Amino acid sequence: MRTDGRKVNQLRDVEITRNYTKYAEGSVLVETGDTMVLCNVSIEDSVPYFLRGQNKGWLTAEYSLLPRATQDRNIREAAKRKLSGRTQEIQRLIGRSLRAIIDLDKMGERTIWVDCDVLQADGGTRTASITGAYVALVDAINFMLDEGKLEESPLKGFMAATSVGIVDGTPMLDLCYEEDFKAQVDMNIAMTEAGEIIEIQGTAEEHPFTRDELDQLYDLAEKGILELIEEQKLELVGE
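Residues numbered from 1 in each chain as written. Predicted model: local features only at pLDDT ≥ 70, side-chain atom pairs only at ≥ 80, totals over all residues. Heavy atoms only, no water.

## Thoughts on the sheet that holds strand β8 (residues 185-192)
Spatial ordering of the open sheet is given by β7-β6-β8-β9, a layout of 4 strands whose pairing is antiparallel. Unpaired on one side and paired on the other, β7 (170-173) and β9 (197-204) mark the two borders of the sheet. Ignoring which end each strand starts from, the neighbouring axes of this sheet average 15° apart. As paired strands, strand β6 (residues 159-167) and β8 are joined by 8 bridges and run antiparallel to one another. By the bridge assignment for β8, M159 is matched with T192. (Pairing = 2+ DSSP bridges. Helix = DSSP H or I, 4+ residues; strand = E, 2+ residues; numbered from the N terminus. Axes fitted to C-alpha atoms, helices over the stretch in contact; angles between N-to-C directions.)

## A look at the sheet that holds strand β5 (residues 111-120)
Pairing in this open sheet of 5 strands is mixed, and the strands run β1-β2-β3-β5-β4 from one edge to the other. Unpaired on one side and paired on the other, β1 (14-18) and β4 (58-65) mark the two borders of the sheet. Sheet twist, expressed as the mean angle between neighbouring strand axes with direction ignored, is 15°. Sheet topology places strand β2 (residues 26-32) next to strand β3 (residues 35-44); 7 bridges connect them, and they run antiparallel. For V30, the partnering residue across the bridge sits in β3 and is V37.

## Structural notes on the UniProt feature "domain: Exoribonuclease phosphorolytic" (unreviewed entry) in the protein chain
Per the UniProt entry, the sites bearing "domain: Exoribonuclease phosphorolytic" (unreviewed entry) are residues 10-140 and 158-224 in this numbering. End C-alpha atoms of residues 10-140 are separated by 30 Å, and the span's content is 27% helix alongside 31% strand. For the annotated span residues 158-224, helix accounts for 28% and strand for 43% of the residues, and the straight-line distance between the end C-alpha atoms is 14 Å. (UniProt positions renumbered as here; feature names shortened; annotations may be inferred.)

## Observations concerning the pattern of salt bridges
Counted according to the given criterion, the structure contains 14 salt bridges. Across the pair E89 and R126 runs a salt bridge, and its minimum N-O distance is 3.0 Å. With a gap of 37 residues between them, E89 in helix α2 (residues 85-99) and R126 in helix α3 (residues 125-146) connect regions that are remote in the sequence. Take R126: its relative accessible area is 14%, and that puts it in the buried class. (Salt bridge = Lys/Arg side-chain N within 4 Å of Asp/Glu carboxyl O. Buried < 20%, exposed > 50% of the residue type's maximum accessible area, 1.4 Å probe, protein only.)

## Brief notes about the packing of α2 against α3
Orientation of α2 relative to α3, taken along the N-to-C sense of each, is 40°, at an axis distance of 10 Å. The orientation of α2 with respect to α3, classified from their angle, is oblique. Viewed along their axes, α2 and α3 form a crossing whose handedness is right-handed. Contacts between α2 and α3 involve R86, E89, I90, L93, I94, S97 and L98 from the former and T125, R126, S129, I130, A133, Y134 and L137 from the latter. Here the contact of α2 with α3 is built from residues that sort into 8 nonpolar, 3 polar and 3 charged. (Parallel < 35°, antiparallel > 145°, perpendicular 65-115°, else oblique. Left-handed = near helix turned anticlockwise from the far one by under 90°. Contact = heavy atoms within 4.5 Å. Nonpolar A, V, L, I, M, F, W, Y, C, P; charged D, E, K, R; others polar.)

## Describing the UniProt feature "binding site: phosphate" (unreviewed entry) in the protein chain
When the UniProt feature table is mapped to this numbering, "binding site: phosphate" (unreviewed entry) covers R86, G124, T125 and R126. A maximum C-alpha distance of 13.4 Å among these annotated residues, which run over 41 residues, shows that they cluster at one spot. Within this annotated set, the largest cavity is lined by G124. In this view, G124 contacts R12, T35 and L175; residues no more than four positions away in its chain are not counted. With residues up to four places along the chain from it excluded, the contact list for R126 reads R86, E89, I90, L93, I94, N188 and Q201. A polar side-chain atom of R126 sits 3.0 Å from a polar atom in the side chain of E89. (1 Å grid on protein atoms, 1.4 Å probe; cavity = no way out; pocket = protein on both sides within 12 Å on 5 of 7 lines; lining within 4 Å. Polar contact = N/O pair within 3.5 Å; in protein donor to acceptor, adjacent residues only side chain to side chain.)

## Examining the side chain of T35
Summarising the element assignment, T35 is placed in strand β3. Engagement of the side chain of T35 in a polar contact is seen with the backbone nitrogen of D122, the distance being 2.8 Å. Setting aside its immediate chain neighbours within four residues, T35 contacts R12, V30, Q120, A121, D122, G123, G124, T125 and A128.

Encoded structure:
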């Protein structure tokens, strides 16, 4: 039995609330257990200098942990005038994950900004950011289609992300903070609905893990991601 009473292969309760803010082209509040992330997607009619003149779009992400998202107050990174290595790593992960599911050649010279702000953190903030941001991205693309700014959707399909790990020798799905803190292995996986891997981040905290344990973690992640995609579909298309 886990700290919150779940089975080892069970996701935390997931809630996706669309159109959470007023102005963004796509906006989602995603809740996974006690983790809450606000995902806003904005579309700007320009691209970075290295893409100018190529009639191709770009997608980039920013991630922030708000000061009281955790039990103790964090200093805003803006006050430090420097992003931590952790924040930079998470931003790049979110950006890579979403770029893998969109054909940027169909966007024209536009930049998609994905802003993920953690309102409350209890483990899995980066994977919740990816899962929620995908829904916000779909809404932003549909907004562009409705406005006649895009001729066809550049999205290739559904995707989501989740965490897995080995805690006290047991492989588990969707770690809360207490489990993540004491995990011997910690892993984040992003995957498409077709089972194609976008990214795997896996680290042994105390001792190396075996190929068999890796396979068990992968199977747990695949199960969880497919369930998350069903939640996305339920919100987006009602099926």
